[in-house]
Amino acid sequence: MRRSVVRTLIRPLAMAAAMTAIPLMEAAPVAADSVVVGGYPIDVSQAPWTVALTSRTRFGGTRAGQFCGGVAVTRTVVLTAAHCLAEEVLGAPPDRVRDLKVITGRTDLLGSEGAEIAVQGARVNPRYDASANSGDFAVLTLAEPLPQSAVVAMASSGDAAYAPGTEALVSGWGDTTGNGAYARSLHAAHVHVLADDVCARAYPGGPDGTFQAESMLCAGESAGGPDACQGDSGGPLVASGRLIGLVSWGSGCGRPGSPGVYTRVSDVLRVLKPAAAGRRQPHRKP
Ligand code: ARG
């Protein structure tokens, strides 16, 4: 979770200066700090639906193998980003990664609170398009149920939580600086849902991607600052107590004019629902 742009620029510089006794030459204007509100550490109880997606064999143990976020939508189903399960990331198809787990109820990745639950099945959205970043979600089935208190409701299309201007919370263990400083402890940031035309103008097409309103939504602050970042992918964007987005992509992190792009959860429901309806059919009498 990205903190204040200014603060993150100052801290590493200040630390470097302190360590090497080189005078601090450059710093962003101090006044800007007071108007930029960044991410902040939270206890997982404040966003209990946030889970860490982990594999220690693939990513090492220094951060419990965390590489993406996820969100519990039922006691045994976790949503994450499709791109988190790509072979470039995992080195193998997800069902071949033996120790793929979610960590629930744990603020500090190196703590022992909460539980580690094995991923039993992984289904990538069949409509996921890696080149367009569209349809960026996957469904994980867990070997054991999470506590009910960890589950968040999904906002269906038409839910007021999608309205531009709605305040939303994004949470994760991702980069807090934009420079690869992955958090050990859960962070969150307040962002606002942006209108689709604002996002379409921010991402009209280019190297970073094209905004597609049907399957994506944008959130951020026009001045930049609070945003999700690398390592937060797949994690939740929650507004009015309901899940509206999954961290997906963006141009940099927290840059003015480059909001965070999220997988639109109403589109997840639209893709998943025909399958659910199909499963119910055999039970129906003709
Ligand atoms: N793709 C990133 C990940 O894998 C998430 C990037 C989100 N970027 C943003 N500016 N909101 O973790």
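Residues numbered from 1 in each chain as written. Predicted model: local features only at pLDDT ≥ 70, side-chain atom pairs only at ≥ 80, totals over all residues. Heavy atoms only, no water.

1. Let's talk about the overall build of the protein chain
- Within the protein chain, the secondary structure is distributed over six helices and 14 strands.
- Burial status across the protein chain gives 48% buried among its 286 residues.
- Here the protein chain displays about 13200 Å² of accessible surface, and carbon together with sulfur accounts for 56% of that area. (Helix = DSSP H or I, 4+ residues; strand = E, 2+ residues; numbered from the N terminus. Buried < 20%, exposed > 50% of the residue type's maximum accessible area, 1.4 Å probe, protein only. Areas by Shrake-Rupley, 256 points an atom, 1.4 Å probe, with all protein chains shown as cover.)

2. As for the state of the cysteines
- Taken as a whole and assessed by the stated rule, the structure comprises three disulfides.
- A sulfur-sulfur separation of 2.0 Å characterises the disulfide bridge that pairs Cys68 with Cys84. The disulfide joining Cys68 to Cys84 has a torsion of about -85° about its S-S bond and is therefore left-handed. On the criterion of sequence distance, the pair formed by Cys68 in strand β3 (residues 66-72) and Cys84 in the loop between β4 (77-80) and α4 (87-90) is long-range, its members being 16 residues apart. Just as Cys68 is buried, Cys84 falls in that class too.
- Here Cys229 is linked by a disulfide to Cys253, with a sulfur-sulfur distance of 2.1 Å. (Disulfide = S-S within 2.5 Å.)

3. Side note on the environment of Ile103
- Secondary-structure assignment places Ile103 in strand β5 (residues 101-104).
- In this structure the C-alpha to C-alpha distance between Ile103 and Gln66, which are 37 residues apart in sequence, comes to 8.8 Å.
- Dropping the residues within four chain positions of it, Ile103 is found in contact with Thr50, Val51, Ala52, Thr54, Ala64, Ala115 and Glu116. (Contact = heavy atoms within 4.5 Å.)

4. Some remarks on the pattern of salt bridges
- Under the defined criterion, the tally for this structure stands at eight salt bridges.
- Glu116 is paired through a salt bridge with Lys101; the nearest N and O atoms lie 3.5 Å apart. Of this pair, Glu116 sits in strand β6 (residues 115-124) while Lys101 sits in strand β5, and the two are 15 residues apart along the sequence.
- For Lys101, a relative accessible area of 24% gives the class partly exposed. (Salt bridge = Lys/Arg side-chain N within 4 Å of Asp/Glu carboxyl O.)

5. Notes on the site of the ligand
- Around the ligand, the surrounding shell holds 15 residues, and the nearest of these are His83, Asp227, Gly231, Ser233 and Gly252.
- At a separation of 3.5 Å, an oxygen atom of the ligand approaches a polar backbone atom of Asp232.
- Ser233 has a polar side-chain atom sitting 2.4 Å from an oxygen atom of the ligand.
- For the ligand, whose accessible area on its own is 350 Å², the fraction buried by protein is 91%.
- Of the pockets mapped on this structure, the ligand occupies the largest pocket.
- A per-element tally of the shell around the ligand places strand β13 (residues 242-249) first, with three residues.
- Residues that form the shell around the ligand fall into these classes: five nonpolar, eight polar and two charged. (Near = heavy atom within 4 Å. Polar contact = N/O pair within 3.5 Å; in protein donor to acceptor, adjacent residues only side chain to side chain. 1 Å grid on protein atoms, 1.4 Å probe; cavity = no way out; pocket = protein on both sides within 12 Å on 5 of 7 lines; lining within 4 Å. Sits in = over half its atoms within 2 Å of the grid points. Nonpolar A, V, L, I, M, F, W, Y, C, P; charged D, E, K, R; others polar.)

6. A word on the confidence of the model for the protein chain
- The predicted model of the protein chain averages 86 in pLDDT, with 82% of residues at 70 or higher.
- Low pLDDT, under 50, characterises residues 4-37; the predicted model gives this stretch 30 contacts beyond four residues in sequence or across chains. (pLDDT = per-residue confidence, 0-100.)

7. Focus: the pairing of strand β7 (residues 138-142)
- Where burial is concerned, most of β7 is hidden: four out of the five residues are buried.
- Note that β4 and β7 share four bridges and pair antiparallel. Each bridged residue has a counterpart across the sheet, and for Thr80 the counterpart in β7 is Ala138. (Pairing = 2+ DSSP bridges.)

8. Overview of the layout of surface pockets
- Each pocket or cavity is described by its volume, and for the largest pocket that value is around 390 Å³.
- Taken together, 23 residues make up the lining of the largest pocket; nearest its centre are His83, Gln230, Ser233, Ser248 and Trp249.
- Looking at the lining of the largest pocket residue by residue, the class counts come to 13 nonpolar, nine polar and one charged. (Points joined across faces, edges and corners; volume = space filled by probe spheres on them.)

9. Side note on the sheet that holds β3
- Taken together, the six strands give a closed barrel; going around it, the order is β2-β3-β4-β7-β6-β5, and neighbouring strands pair in antiparallel fashion. Taking each pair of neighbouring strands and ignoring which way they run, the sheet shows an average axis angle of 40°.
- Sheet topology places β6 next to β7; five bridges connect them, and they run antiparallel. The residue bridging Ala122 from the neighbouring strand is Leu140, located in β7. (Axes fitted to C-alpha atoms, helices over the stretch in contact; angles between N-to-C directions.)

10. Here we look at the packing of aromatic side chains
- Within this structure, the stated rule accounts for two aromatic pairs.
- Both rings, one in Phe59 and one in Phe67, keep their centres 4.4 Å apart while their planes meet at 20°; by these two values the pair is stacked.
- With relative accessibility at 10%, the residue Phe67 sits in the buried group. (Phe/Tyr/Trp six-rings, centres within 6.5 Å; stacked < 30°, edge-to-face > 60°.)

11. Side note on the side chain of Thr50
- Assignment of secondary structure puts Thr50 in strand β2 (residues 50-54).
- Of note is the side chain of Thr50, whose polar atom sits 2.8 Å from the backbone oxygen of Ala47.
- Contacts of Thr50, omitting those with residues within four sequence positions, involve Val44, Gly70, Ile103, Ser171, Gly172, Trp173, Leu186 and Pro236.

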